[in-house]
Amino acid sequence: MTALEKATGDVVLKFEPFVLHVLCQELQDAQLLHSVAIDSGFRNSGITVSRGGKIMMAVRSTHCLEVPLSHKGKLMVSEEYIEFLIHVANQKMEENI
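Since we're looking at a predicted model, the values are computed, not measured.

### Regarding the sheet that holds strand β5 (residues 65-71)
Link 1 in the chain: A sheet is described by the order of its strands in space; here 3 strands give the open sequence β1-β5-β6, paired in antiparallel fashion. A strand with exactly one partner marks an edge of an open sheet, and here the two such strands are β1 (11-15) and β6 (74-75).
Link 2 in the chain: The pairing of β5 with β6 spans 2 bridges and is antiparallel. Of the residues in β6, the one forming a bridge with Ser 70 is Leu 75.
Link 3 in the chain: Taken strand by strand, helix α3 (residues 79-96) contacts β1, β5 and β6, and its axis lies near 155° from that of β5.

Spelled out as structure tokens, the structure:
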């Protein structure tokens, strides 16, 4: 709260979810891992193939959070709401683990 009170610009609370990048030898390996990731709840997972032929599987969760707290130095939410957001972000971190 002290840092927010001193802020003169915009402040955003941002939580980014778990991401695991796996370099795969074969497309079939990436497809298998992709199926396992999707079935495990990591719905934002995907496969990319580079121009050089490298096959990368990204395991991504959907547990993101991005909330503006202040604008031009003016606090836009209550301290109680900030405490709630911190609780939500900590829960998302536990889900990542």
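### Points about the UniProt feature "domain: tRNA wybutosine-synthesizing protein" (unreviewed entry) in the chain
Link 1 in the chain: Under the local residue numbering, the UniProt record ascribes the feature "domain: tRNA wybutosine-synthesizing protein" (unreviewed entry) to residues 7-96.
Link 2 in the chain: Helix makes up 34% of residues 7-96 and strand 33%, and the two end C-alpha atoms of the span are 30 Å apart.

What counts, and at which threshold
Residues numbered from 1 in each chain as written. Predicted model: local features only at pLDDT ≥ 70, side-chain atom pairs only at ≥ 80, totals over all residues. Heavy atoms only, no water. Pairing = 2+ DSSP bridges. Helix = DSSP H or I, 4+ residues; strand = E, 2+ residues; numbered from the N terminus. Contact = heavy atoms within 4.5 Å. Axes fitted to C-alpha atoms, helices over the stretch in contact; angles between N-to-C directions. UniProt positions renumbered as here; feature names shortened; annotations may be inferred.

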